[in-house]
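Per-entry structural report
One-letter residues, chain by chain:
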Amino acid sequence: MKKSPFDEVSMQEIVHQIKGRQVALKKFPFLLRDEIIFPPQLNMEQSSSEKTAIYKSTLISGKKFIDLTSGFGIDAYYLSQNFDDIVLVEQNTELLKIVEHNWSVLNKKAKFINLRLENFLEQNKEVFDVTYLDPARRDSSKNKVFLLEDLSPNILEIQDHLLSISNKVVVKLSPLIDLKYLLSVLKNISRIDIIALKNEVKEVVVFLTHDEPEKVMCHCINLDSGESDFVFQLGNEEFVHSEYSEPERFIYLPNNSILKAGAFNLISEKFSLKKLHPNTHIYTSTEKIEGFPGRVMEMEVIGNKQIKKKEQFNIISKNYPLKPDEIKKKYNLKDGGERYLIFTQSKKGKIILKSV
């Protein structure tokens with residue numbers, strides 16, 4: 001509520017920069033340095049996190065890199081590190097000025113082009129090793145969208161043009177996008193990465209190549225988890241069948257990147273695990289299997305009368321009629337602590353599992 005101490009800077013601008021630093025503290029801490037300028041809140045919300053950008057930077061390299069929708073430039077900053085020539089295209093003039101200023105502070109060079117993507121493609125005569133884009137996922141009314149034909153730009157309309165100017169096209173998409181839908185509408189997909197951060201799926205990243213690949217690989221990544229990646233060929237899930245069992249000593253819950261990929265039977269086959277139920281993506285074994293990409297717990301089946309009021313548990317509900325909050329209310333339980341209750345179904349019916 002105080003007046004700005006600087007004649008040339010409003011209090012609103014100061015507050016805006018303070019909020020920007022608060023976001024950067026968690027999302028991209030490499031920008032926490034003097035002279036960095038932060039853009040409006042929406043631009044920062046739409047930016048990748050530093051950690052997902054660093055991961056993607058390990059997947060590409062070459063001589064010439066272009067980001068056709070550079071935004072606040074977080075992805076471009078990291079993805080371009082293995083390239084000599086860097087081009088950033090952004091239609092928002094003020095945002096591009098901020099990025100150009102920040103890159104100067106960071107001592108990083110690039111060619112900055114203030115054009116709409118479509119206009120740039122009409123004028124461009126260059127060929128790039130890697131083209132990257134992160135289409136806007138909001139419509140004219142600021143509502144969130146995720147189908148490719150609803151994005152800005154419309155990827156379906158320009159995919160041929162993108163593949164004509166680049167050996168590899170990398171597209172960041174919504175975590176809500178359906179993989180089967182992608183395979184049905186995009187050309188020359190070679191790889192799809194499902195990137196989770198601490199078990200929250202953040203991005204689906206699609207790699208397109210100039211030549212049609214023989215197979216499409218899916219990489220399930222859970223950053224900051226210590227878990228190994230799970231990699232499989234898309235389409236193989238339908239050829240694998242799980243065995244079923246009532247709960248044994250150890251219970252396995254795959255991380256959310258694997259659940260997003262729909263690799264329910266492949267994960268069972270890979271680690272020699274049995275499923276509890278066709279629609280319950282929980283697995284079990286008598287002996288503990290190491291290296292599983294997800295949560296592993298020693299558990300036992302209990303009856304509902306064995307649950308005491310006011311006890312404290314982390315509650316998980318999968319393929320069960322009640323949600324965790326409803327379960328907590330029904331049994332008068334406290335949330336949190338180190339113990340777990342899983343409410344789910346096996347082939348014999350509803351069951352409750354308690355961590356040992």
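Everything that follows concerns the structure shown earlier in this document.
In what follows, the accompanying structure is described. (Residues numbered from 1 in each chain as written. Predicted model: local features only at pLDDT ≥ 70, side-chain atom pairs only at ≥ 80, totals over all residues. Heavy atoms only, no water.)

**Re the overall build of the protein**
Counting its regular elements, the protein contains eleven helices and 16 strands. Dimensions along the principal axes, computed over C-alpha positions, put the protein at roughly 65 × 60 × 35 Å. When the 356 residues of the protein are sorted by exposure, 49% land in the buried category. Summed over all atoms, the accessible surface of the protein reaches about 18,900 Å², with 47% contributed by carbon and sulfur. Side-chain charges of the protein comprise 51 positive and 49 negative groups, with the mean position of each set lying 8 Å from the other. (Helix = DSSP H or I, 4+ residues; strand = E, 2+ residues; numbered from the N terminus. Buried < 20%, exposed > 50% of the residue type's maximum accessible area, 1.4 Å probe, protein only. Areas by Shrake-Rupley, 256 points an atom, 1.4 Å probe, with all protein chains shown as cover. Lys, Arg positive; Asp, Glu negative; His and termini not counted. Charge placed at Lys NZ, Arg CZ, Asp CG, Glu CD.)

**Things to note about the sheet that holds strand E1 (residues 64–67)**
Spatial ordering of the open sheet is given by E3-E2-E1-E4-E5-E7-E6-E8-E9, a layout of nine strands whose pairing is mixed. Two strands lie at the open edges of the sheet, namely strand E3 (111–113) and strand E9 (230–233), each paired on one side alone. Recorded for the sheet is a direction-independent mean angle of 15° between the axes of neighbouring strands. Where strand E4 (residues 128–133) and strand E5 (residues 166–173) come together, five bridges link them in parallel fashion. (Pairing = 2+ DSSP bridges. Axes fitted to C-alpha atoms, helices over the stretch in contact; angles between N-to-C directions.)

**Description of the packing of aromatic side chains**
For the structure on display, the rule yields 13 aromatic pairs. Where Tyr252 meets Phe292, the ring centres are 5.2 Å apart and the plane angle is 70°; that geometry is what we call edge-to-face. Of this pair, Tyr252 sits in strand E10 (residues 250–254) while Phe292 sits in the loop between strand E12 (280–285) and strand E13 (294–302), and the two are 40 residues apart along the sequence. Accessibility classification places Tyr252 together with Phe292 in one group, the buried group. The ring of Phe128 carries Lys64 above its face, with NZ or CZ at 5.3 Å from the centroid. Residue placement shows Arg191 over the ring face of Phe207; its charged tip is 5.5 Å from the ring centre. (Phe/Tyr/Trp six-rings, centres within 6.5 Å; stacked < 30°, edge-to-face > 60°. Lys NZ or Arg CZ within 6 Å of the ring centre and 35° of its normal.)

**Things to note about the layout of surface pockets**
In this structure, the second largest pocket occupies an estimated 330 Å³ of space. As for the second largest pocket, its lining consists of 14 residues, of which Leu179, Lys180, Leu234, Ala261 and Gly262 are closest to the centre. Contributing elements (two or more residues each) for the lining of the second largest pocket: helix H8 (179–185) and helix H9 (256–261). (1 Å grid on protein atoms, 1.4 Å probe; cavity = no way out; pocket = protein on both sides within 12 Å on 5 of 7 lines; lining within 4 Å. Points joined across faces, edges and corners; volume = space filled by probe spheres on them.)

**A look at the pairing of strand E8 (residues 217–223)**
Extensive coverage of E8 is indicated by the burial of six of its seven residues. Note that strand E6 (residues 189–197) and E8 share seven bridges and pair parallel. Across the sheet, Leu197 pairs through a bridge with Leu223, a residue of E8. Relative to E9, E8 runs antiparallel, the two being bridged by four bridges. Residue Cys218 lies in a different strand from E9, and its bridge partner there is Phe232.

**A short note on the pairing of strand E7 (residues 200–209)**
The buried fraction of E7 amounts to eight of the ten residues, a majority that puts the element mostly inside the structure. In this sheet, E7 lies alongside E5 in antiparallel orientation, the contact comprising six bridges. Its bridge partner lying in E7, Val171 is registered against Val206. With eight bridges connecting them, E6 and E7 associate as antiparallel partners. Across the sheet, residue Ala196 finds its bridge partner in E7, namely Val201. Between E6 and E7, which pair antiparallel in sequence order, lie two residues; one of them, Lys198, sits at a positive phi of approximately 55°.

**A short note on the pattern of salt bridges**
A side chain with one charge can pair with a side chain of the opposite charge if their charged atoms come near. Under the criterion given, the structure shown has 14 salt bridges. For the salt bridge of Arg249 with Glu298, the shortest nitrogen-to-oxygen distance reads 2.9 Å. Of the two residues, Arg249 is situated in the loop between E9 and E10 and Glu298 in strand E13; the sequence distance between them amounts to 49 residues. On the accessibility criterion, Glu298 (30% relative accessible area) is partly exposed. Between Arg339 and Glu311 there is a salt bridge, and its shortest N-O distance comes to 3.6 Å. (Salt bridge = Lys/Arg side-chain N within 4 Å of Asp/Glu carboxyl O.)

None of this, on its own, says anything about what the molecule does.
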